[in-house]
Each structure stands twice: as C-alpha cells, then as structure tokens.
Amino acid sequence: MSGEELLRLAGSRATRHAPFGSRTTYRVGGTSFMFLDIASLDDLLELGVALSQCGLPVCSLGNGSNLLVADGEFPGVVVKLGEAFRSLVFTGDESVTVHAGAALDLPVAARRLSDQGIVGFEWAVGVPGTFGGAVVMNAGGHGGDMAASVTGVRLWSVPAARVIERTAKELQFGYRHSSVSHEEIVLDVTMQLRRGDALASKGQLKEIVRWRREHQPGGANAGSVFRNPVANSAGQLIDAAGLKGYRVGGAHVSEKHANFIQVDEGARASDVRELMAYVATTVEAVTGVRLESEVRTVGFSSEDA
Ligand SMILES: Cc1cc2nc3c(=O)[nH]c(=O)nc-3n(C[C@H](O)[C@H](O)[C@H](O)COP(=O)(O)OP(=O)(O)OC[C@H]3O[C@@H](n4cnc5c(N)ncnc54)[C@H](O)[C@@H]3O)c2cc1C
C-alpha cells in the first residue's frame, strides 16, 4: 500500500501538497505531502489500514499552537480531526465526569464548564490548543494541568489501525510530557471535575484572561518556547542573557515575555529555528543552564514532532 493508494482511497478527504505551516499559530513553514481531513471515527475505520501500511510518517494537527513546521514539504500525512471530535458531554452531580472530543478548543470547554458551575478547569481558558494537543503536551498553567483531571483517553493507534484506551497512569504525565507517541491520534479525553461556585469560577476566568493580556504578547507565536528548567524560569534566564528583542530574520524574542518568540509576516521557519538555537546556546554560555524546547518541531532534519 503506497501514499498514492491512500490518496485515491481517501478521495476528497485528502489534499496533496496542502498548506501545513500556515495552519499553525507561528504561521510559518511549508506544506505536507498529504493533508487528511478526518470527519469522524468512520473515516479512520475506513482509511486506517491504508494509513498504517502506506509507510509515510504521520503528524496529528490540533490548533498548531505548539508546533513549528519546517519550510519546504513534510513528506508525510497530516491528520486533522473534524467536527465530530468537538463534543463536550458531562454527567454527575457533585463529582462530574467530562468527555471532550480531541478537536475541541480548551478555552471553549473552560467557559462552557464554568457556565455550568463545573470547576477545576479554569486554568485552560488561556491555552489556545485542542484537547488532543493538550493531552500530548500535558498543557497547564495557573496552578493546573491536564494531568490533574484526566482519567483516560481513547486513541487511534496508527500501526495497529484500531482504537485503544489508555488510563491516566498509562499516559505517564510529566511536566509538558505524556506517553502519547506521534503514531497515536488522541480521539477523546475523559476528565473528572466537580461542581462548585459558578460565580467564583467566572471571576477566575476573568482574572486569568486579564493576567495573560498583561503579561503575554499577541501576534504570531506559540506560547512558551522553552520548558522551565527545575526551580528556574526560562523567561528570566533569557532576559538575564540580554536576549529580549534579539532578532533572526523575521523572528524575534518578545520584549514583553522573553520566553516567547514573535514572528513577522513573511518570516521563515528557519528564522525561528535559528533563533531558538541561538537563544539556547547563549543562555547556556551565560548562565550554564541548558534550555530544552517545549515547542514541537516537525519536518526538520534532526528532530520530529
Ligand atoms: C498564546 C499562547 C499561549 C500558550 N499558553 C500555554 C500555557 O499556558 N500552557 C501550555 O501548556 N501551553 C501553552 N501554549 C501552547 C499550546 O497552546 C499547548 O501546548 C496546546 O496544548 C497545544 O495544543 P494544539 O491543539 O495547538 O496542539 P498542536 O500544536 O497542533 O500539536 C502539539 C503536539 O500535539 C500533537 N497533537 C495535536 N493533536 C493531537 C491529537 N489529536 N492526537 C495526537 N497528537 C496530537 C501534535 O502532533 C504535536 O506533537 C500556548 C500557546 C500560545 C500560542
């Protein structure tokens, strides 16, 4: 089974040489050999064997808010989940079980849950990703993270071409880490939350949004570029190395938050990548601390998402 056969089988669900980098929040980077719109689980059931046997690398795309895509063409299949994966269902009185589709946006869920007086997910209102990307990254902030409430997920295993379930323990959540591999597509997520004070919850949402506006830059970026080293802040280290405002081509270190890279229109992914390397090298030379990337990269020669 080849990529060409998968293209034929997928019909209008597949696009050849489709934009990829422009679908990320950096808005830089090239195309992918194939872009696959997966509207529902039926699509995966129908195309799964071909996807597993075509021999092409697979990259799941959420909102692209933690992804740097290389210039040129990613020689694989980008999988994007559609509408059927945007559901939000909750049951229970005091303790509430929440099922969220992997393509649902975190801020949308945070607000809808808060409206219902379901509390504990407010932290997610400022994270512009999907549940799929958030589980993979164990996204978090403001004292919360996915690990705190996720009890399990359903995944599509690309090699096995079938749905598998994984418990929170099996997900091995760590700081911006989970065990989900690039050959697995998160389909939906189960969380345990609780009923609480809806008014206080609304106040929390408002405060988080205010804090983010005050402390984080707008424009094209992917949030924090580097993971915070133990007992340290990547932003403070970058600032201490005198790198605020430092520029490579169309990418520069934000003046507002040193751990953000902002990208101008017309920039290249290689500008961002080179700036990341320069920042890491300089911070290590100045402070002795080696920074690690939090942003996932795809299509570059030495690394992959
Ligand atoms: C302004 C801004 C603020 C941010 N603030 C925060 C923050 O406070 N805390 C934080 O943790 N992050 C933050 N981020 C980063 C980002 O929003 C999170 O990491 C988010 O969880 C990524 O979700 P996504 O859907 O955009 O994933 P993508 O960027 O699309 O993908 C990220 C990774 O997950 C994989 N992936 C995506 N969907 C699936 C799926 N369904 N199945 C399997 N793999 C998948 C991708 O292949 C990739 O490896 C911020 C980003 C921005 C732009």
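What you see is a predicted model, and the numbers here were worked out from it, not measured in a lab.

Now for the overall build of the chain. Per the secondary structure count, the chain includes eight helices and 17 strands. Radius of gyration (C-alpha) of the chain: 20 Å, near the 19 Å computed for a compact globule of 305 residues. Within the chain, the proportion of its 305 residues that are buried is 43%. If you take every contact in the chain between residues at least 6 apart in sequence, the share linking residues at least 24 apart comes to 67%.

Among the secondary structure elements, Leu 81 is positioned in strand E5 (residues 73-81). Owing to 30 C-beta atoms within 10 Å, Leu 81 belongs among the buried residues under this scheme. In the structure, Leu 81 is positioned 156 residues away from Leu 237 in sequence and 37 Å away in space, judged by C-alpha atoms. Sequence-distant contacts of Leu 81, that is, excluding residues within four places in its chain, are made with Ile 38, Ala 102, Ala 103 and Gly 132.

What follows deals with the site of the ligand. Near the ligand there are 35 residues, and of these Gly 62, Gly 129, Gly 132, Gly 133 and Gly 223 occur at the shortest range. When residues of the shell around the ligand are traced back to their parent elements, those giving at least two are strand E3 (58-61), helix H4 (131-137), strand E9 (140-141) and strand E13 (184-195). Looking at the shell around the ligand element by element, the count peaks at five residues for H4. When the residues that make up the shell around the ligand are grouped by side-chain class, the tally is 16 nonpolar, 17 polar and two charged. Both domain 1 (3-83) and domain 2 (86-215) contribute no fewer than three residues apiece to the shell around the ligand.

A few words now on the domain arrangement of the chain. It is common to give the size of an interface as the accessible area lost on bringing the parts into contact. Once the domains are mapped, the chain shows domain 1 (3-83), domain 2 (86-215) and domain 3 (234-298). Between the C-alpha centres of domain 1 and domain 3 the distance comes to 28 Å. With 13 residues of domain 1 at the interface, the matching set in domain 3 holds 11 residues. Top element by residues in the side of domain 1 that touches domain 3 is strand E4 (residues 67-69). It accounts for three residues. For the side of domain 1 that touches domain 3, the residue count by class is eight nonpolar, three polar and two charged.

Attention now goes to the sheet that holds strand E2 (residues 31-38). Spatial strand order, E1-E2-E5-E3: four strands in an open sheet with mixed pairing. Where the open sheet ends on each side, the last strands, each with one partner, are strand E1 (14-19) and E3. Pairs of neighbouring strands in the sheet enclose a mean axial angle of 35°, with direction left out of account. Where E2 lies against E5, seven bridges are found, and the strand directions are parallel. Within E5, the residue paired with Met 34 across the bridge is Val 77. Lying on the sheet, helix H1 (residues 3-10) is in contact with E1 and E2; it crosses E2 at an angle near 35°.

This next bit is on the environment of Val 283. One can find Val 283 in helix H8 (residues 269-287). Taking C-alpha positions, Val 283 is 9.2 Å from Ala 234, a pair spaced 49 residues apart along the chain. Apart from residues no more than four positions distant in its own chain, Val 283 is found in contact with Leu 237, Ile 238, Ala 241, Val 289 and Leu 291.

Let's shift gears to the packing of H1 against helix H2 (residues 41-53). At a minimum axis distance of 9 Å, the contact between H1 and H2 shows a crossing angle of 170°. Between H1 and H2, the angle is such that the two are roughly antiparallel. Taking contact as the criterion, the partners of Glu 5, Leu 6, Leu 9 and Ala 10 in H1 are, on H2, Leu 47, Ala 50 and Leu 51. Partitioning the contact of H1 with H2 into residue classes produces six nonpolar, no polar and one charged.

Another point: the sheet that holds strand E16 (residues 261-263). An order of E14-E15-E16 is seen for the three strands of this open sheet, with the pairing classed as antiparallel. Both edges of this open sheet fall to strand E14 (247-248) and E16, since each of them pairs with a single strand only.

Moving on, we get to unusual backbone geometry. Phi is positive for His 17, close to 50°, though the residue is something other than glycine. With respect to the helices, strands and loops of the structure, His 17 is situated in strand E1. The exposure class assigned to His 17 is exposed, which follows from the 12 C-beta atoms found within 10 Å. Of note, the phi angle at Asn 138 is positive, near 45°, even though the residue is not glycine.

What counts as what
- Residues numbered from 1 in each chain as written.
- Predicted model: local features only at pLDDT ≥ 70, side-chain atom pairs only at ≥ 80, totals over all residues.
- Helix = DSSP H or I, 4+ residues; strand = E, 2+ residues; numbered from the N terminus.
- Rg over C-alpha atoms; globule rule 2.2 N^0.38 Å.
- Buried ≥ 20, exposed ≤ 12 C-beta atoms within 10 Å, placed from the backbone.
- Contact = placed C-beta atoms within 7 Å.
- Near = placed C-beta within 6 Å.
- Nonpolar A, V, L, I, M, F, W, Y, C, P; charged D, E, K, R; others polar.
- Domains from an automatic or database assignment.
- Pairing = 2+ DSSP bridges.
- Axes fitted to C-alpha atoms, helices over the stretch in contact; angles between N-to-C directions.
- Parallel < 35°, antiparallel > 145°, perpendicular 65-115°, else oblique.

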